[in-house]
Amino acid sequence: MSEVTNPASIVEEYLEPGELWTRRAFMVAASAAGIGYAAALGYPVYRYLASPSEMALSATAVTEVTLKDAEKLPAGSALMFKFGTAPAMLIHHQDGRWIALSAVCSHLGCTVQYEPQADRIHCACHGGVYDPYTGANVSGPPPKPLKLFKTSVNDTGVLVSRG
Amino acid sequence: MTTKTITASVYDWVDERLGITELAAFARHKTVPAHAQSFWYYWGGISLFLFLVQCFTGVLLLVYYRPGAEAFESVRQITFVMNFGWLIRSAHSWSANLMMFAILVHMFSVYFMKAYRKPREFGWLSGMALLGFASVFGFSGYLLPMDELSYFATKVGLQIPVAIPFVGTAIANMLRGGPDVTEFTVQRFFALHVVVLPALFIPLLAFHLFLVQKHGNALPPSEELKEPEDRKTVPFMPTFLRKDLAMWIISLNVLALMASVFPWALGKQYDALAPAPTGIHPEWYFMSPFEMLKLLGMVKWLQGESGEIAGILLFTLGIVLWTLIPFYDNNKESGRRGRVAHYFGLLAIFALVATTAIGYWTIR
């Protein structure tokens, strides 16, 4: 430990006559300036490249969507729609129930499809199968169920909202 | 093992395969002449730096730019929707203009220092080819936003080859992708600007830099007169390199200042039926040839098409003579040829400055 506590006296100690900065002080200042410079250049570039993710972020804030004329969807068929930025599906079951769920497979993100004849939701990528009423992962690799949304049907359309 | 021994053994492993020690020893012994005109040595490096900025900002623009029918809309999006998109675009346009300026300063300093003489003829020739490519870069890039100004500038620019007898119209149609400037034009200019030109420019630039390394910096005639022992040099590493990098930082600061304080404008979307806007004129680096064509067209017995052909011939002849100067002024012993080349250079500068000034003076 040095006994010198006054920074001014350190400077005096190492300075040659006629010099204003010690080598160390210069290096510290130069590095700080360099980092500041790099940040000033890097920040706009980062924000520029991040623009689409920022836009998507505001789109994911969507909490509900009205599907116009979806109430005319025949029983036993499904309709794909975009909820925020991700695909989702609305199923009108044979028993009259309306089910809306995320159409993004919880395994590796493929878009799943409703198969009315087998009464299941199937992912063609790796054979994942989900229950078309609850979204539960029934077989195959999916680790989690499909996210289920709330639905309410009126005579102008179907309102889908986050649970 | 300590960190030091690990570093040393990694260094040895790489060095054995790449020969870094040899390269470092070589770099230590490289020197650069130091004299009153040394300042001009930096302009090639500045041009190179601005080209690197072009590559970097160009790739960033490429992230959102869409050629073809959507060209204007995508540039509008870059300029007004994407964060700092205006700044990236402005930096790309400004660095293009500053690079053109730096290349011209570099070319004239090489010319007047007679750095094209033996054994540097290929350096001069490749430099002239790089200037030619840079102009095509500028011309093709100018169209990409597809706003009013770029539309008419390209329309006029591609009308010039039409004056060439017999094949003129075919050449112009090939460049345009049809008889008029359309989205087909912007699509092929895009391919030219981001694929064809870089593929030609970068290897040629590498050749140019290899020659600079091979022959070293040329001495201006005033230094040639001195006895070899009276000439001064500085080591390249680190003295010259440090100054070179300082010039790069200065260039970057100038660029940042220009790009942010005077952001590059985006005009209205082009409309093939709208009349040309008043005051429309070529970019400053195309002003001189454009004005020369216009002035020759005003000579009584050269009016109309013959004036344009005469203009193109004269301008082409000037460039050919300029390019071939190393083969005329090839000997430092010949004072007469050296003087002729010198006056030819002064004439060229006078013609460029005068026609550019007249061009700006007579903008309607």
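Keep in mind that this is a model prediction, so the values were computed, not measured.

*Asks:* Just to check I follow, could you spell out the overall build of chain B for this structure?
*Replies:* When its secondary structure is counted, chain B shows 15 helices and 2 strands. Expressed along its principal axes, the backbone C-alpha trace of chain B runs to roughly 75 × 60 × 35 Å. Residues classed as buried in chain B amount to 28% of the 364 residues present. Considering only residue pairs separated by 6 or more positions, chain B has 76% of its internal contacts joining residues 24 or more positions apart.

*Asks:* Before we go on, may I ask you to explain the overall build of chain A in this structure?
*Replies:* Per the secondary structure count, chain A includes 2 helices and 10 strands. The order of helices and strands in chain A, counted from the N terminus, is α-α-β-β-β-β-β-β-β-β-β-β. Radius of gyration (C-alpha) of chain A: 30 Å, far over the 15 Å computed for a compact globule of 163 residues. Expressed as lengths along the three principal axes of its C-alpha atoms, the size of chain A is roughly 95 × 35 × 25 Å.

*Asks:* Would you explain the sheet that holds strand β8 (residues 137-139) of chain A in this entry?
*Replies:* Strands pair in a sheet through their backbones, by hydrogen bonds, and they do so in one of two ways: parallel or antiparallel. Residues and elements named next belong to chain A. Strand order in the open sheet made by the 4 strands is β5-β6-β7-β8, with antiparallel pairing throughout. Whereas interior strands pair on both sides, the edge strands pair on one side only; in this sheet they are β5 (113-115) and β8. Here β5 runs beside strand β6 (residues 120-122); their pairing, made up of 3 bridges, is antiparallel. Paired with Y114 across the two strands is I121, which belongs to β6.

*Asks:* So what exactly am I meant to see when it comes to the sheet that holds strand β3 (residues 86-92) of chain A here?
*Replies:* Residues and elements named next belong to chain A. Pairing is antiparallel in the open sheet, where 6 strands are placed in the order β1-β10-β9-β4-β3-β2. Because the sheet does not close on itself, it has two edges, and the strands there are β1 (64-68) and β2 (77-83). Sheet twist, expressed as the average angle between the axes of neighbouring strands with direction ignored, equals 25°. In this sheet, strand β10 (residues 157-161) lies alongside β1 in antiparallel orientation, the contact comprising 5 bridges.

*Asks:* Is there a simple way to think about the domain arrangement of chain A in this case?
*Replies:* Split into domains, chain A comes out as domain 1 (7-60) and domain 2 (64-161). Here domain 1 of chain A and domain 2 of chain A have C-alpha centroids that lie 51 Å from each other.

*Asks:* I tried to follow the pairing of β10 of chain A on my own but got confused; where do I start?
*Replies:* Regular strands place their side chains on alternate faces of the sheet. Residues and elements named next belong to chain A. As judged from the 4 bridges shared by strand β9 (residues 148-153) and β10, these two strands associate in the antiparallel manner. By the bridge assignment for β10, V153 is matched with V158. The antiparallel hairpin formed by β9 and β10 contains 3 residues in its connecting segment.

*Asks:* Mind showing me how you'd approach the environment of F122 of chain B here?
*Replies:* Residue and element names in this part refer to chain B. With respect to the helices and strands, F122 occurs in helix α6 (residues 121-143). On the neighbour-count criterion, F122 (16 C-beta atoms within 10 Å) is partly exposed. Between the C-alpha atom of F122 and that of L211, which follows or precedes it by 89 residues, the distance is 7.7 Å.

*Asks:* Hey, could you run me through the interface of chain B and chain A in this one?
*Replies:* Many structure descriptions define interface size as the accessible area lost when the parts assemble. Residue-level contacts link 8 residues of chain B with 6 residues of chain A. When residues of the side of chain B that touches chain A are assigned to their parent elements, the largest contribution, 3 residues, is made by helix α5 (residues 85-112) of chain B. For the side of chain B that touches chain A, the per-class residue count stands at 6 nonpolar, 2 polar and no charged.

*Asks:* Teacher, can you tell me more about the domain arrangement of chain B here?
*Replies:* Residue and element names in this part refer to chain B. By domain assignment, chain B separates into domain 1 (33-280) and domain 2 (282-364). Relative placement of domain 1 and domain 2: their C-alpha centres are 20 Å apart. When residues of the side of domain 1 that touches domain 2 are traced back to their parent elements, those giving at least two are α5 and α6. Looking at the side of domain 1 that touches domain 2, the element that brings in the most residues is α6, giving 6 residues. Grouping the amino acids of the side of domain 1 that touches domain 2 by side-chain chemistry returns 11 nonpolar, 3 polar and 5 charged.

*Asks:* Just checking my understanding: could you explain the packing of helix α3 (residues 42-62) of chain B against α5 of chain B for this structure?
*Replies:* Axes are the key here: two packed helices are described by the angle between their axes and the distance separating the axes. Residue and element names in this part refer to chain B. Two elements in contact, α3 and α5, have axes separated by 8 Å at closest approach and are oriented at 155°. On the basis of the axis angle, α3 is roughly antiparallel to α5. As for how α3 packs across α5, the hand of that crossing is left-handed. Within the contact of α3 with α5, the residues separate by chemical class into 15 nonpolar, 9 polar and 1 charged.

*Asks:* Where do I start with the nonpolar core in this structure?
*Replies:* As a rule of thumb, nonpolar side chains are buried together in soluble globular proteins. If you look at the biggest cluster of nonpolar residues, it comprises 64 residues, and the most contacted ones within it are L50 and M99 of chain B. Of the residues forming this core, the biggest block, 14 residues, is contributed by α5 of chain B. Sequence-distant contacts of L50 of chain B, that is, excluding residues within four places in its chain, are made with S95, L98, M99, A102 and S251 of chain B. A78, A88, M89 and L90 of chain A belong to the second largest nonpolar core, which has 22 residues in total.

*Asks:* What should I look at first to understand the packing of helix α12 (residues 284-298) of chain B against helix α15 (residues 335-361) of chain B in this one?
*Replies:* Residues and elements named next belong to chain B. With their axes 8 Å apart at the nearest point, α12 and α15 run at an angle of 90° to one another. With respect to their mutual orientation, α12 and α15 come out roughly perpendicular. Between α12 and α15, the residues in contact are W284, M287, S288, F290, E291 and M292 and L352, T355, T356, I358, G359 and Y360, respectively. Of the residues that constitute the contact of α12 with α15, the class distribution is 7 nonpolar, 4 polar and 1 charged.

*Asks:* Is there a simple way to explain unusual backbone geometry in this structure?
*Replies:* The bulk of non-glycine residues show a negative phi, and the bulk of peptide bonds are trans. Residue P119 of chain B is reached from K118 of chain B by a cis peptide bond, and omega for that bond is 5°. Position of P119 of chain B relative to the elements: it lies in the loop between α5 and α6. Backbone torsion omega between M237 of chain B and P238 of chain B reads -5°, so that peptide bond is classified as cis. Tracing the chain through its elements places P238 of chain B in helix α11 (residues 236-261). Not every positive phi belongs to a glycine, and D69 of chain A is a case in point at roughly 60°. Position of D69 of chain A among the secondary structure elements: in the loop between β1 and β2. Exposure remark for D69 of chain A: the 9 C-beta atoms within 10 Å place this residue in the exposed category. A positive phi angle, near 65°, is found at F166 of chain B, a position not held by glycine. Inspection of the secondary structure assignment puts F166 of chain B in the loop between α7 (148-157) and α8 (168-176).

*Asks:* What is the right way to read the environment of M237 of chain B from this model?
*Replies:* Residues and elements named next belong to chain B. One can find M237 in helix α11. For M237, a count of 14 C-beta atoms within 10 Å translates into the label partly exposed. Taking the C-alpha atoms as reference, M237 lies 7.9 Å from T31; in sequence the two are 206 residues apart. Once residues lying within four places of it in the same chain are set aside, the contact partners of M237 are A27, R28 and K30.

Parameters at a glance
Residues numbered from 1 in each chain as written. Chains lettered and ligands numbered in written order. Predicted model: local features only at pLDDT ≥ 70, side-chain atom pairs only at ≥ 80, totals over all residues. Helix = DSSP H or I, 4+ residues; strand = E, 2+ residues; numbered from the N terminus. Buried ≥ 20, exposed ≤ 12 C-beta atoms within 10 Å, placed from the backbone. Contact = placed C-beta atoms within 7 Å. Rg over C-alpha atoms; globule rule 2.2 N^0.38 Å. Pairing = 2+ DSSP bridges. Axes fitted to C-alpha atoms, helices over the stretch in contact; angles between N-to-C directions. Domains from an automatic or database assignment. Nonpolar A, V, L, I, M, F, W, Y, C, P; charged D, E, K, R; others polar. Parallel < 35°, antiparallel > 145°, perpendicular 65-115°, else oblique. Left-handed = near helix turned anticlockwise from the far one by under 90°. Core = buried A, V, L, I, M, F, W, Y, C linked by C-beta atoms within 7 Å.

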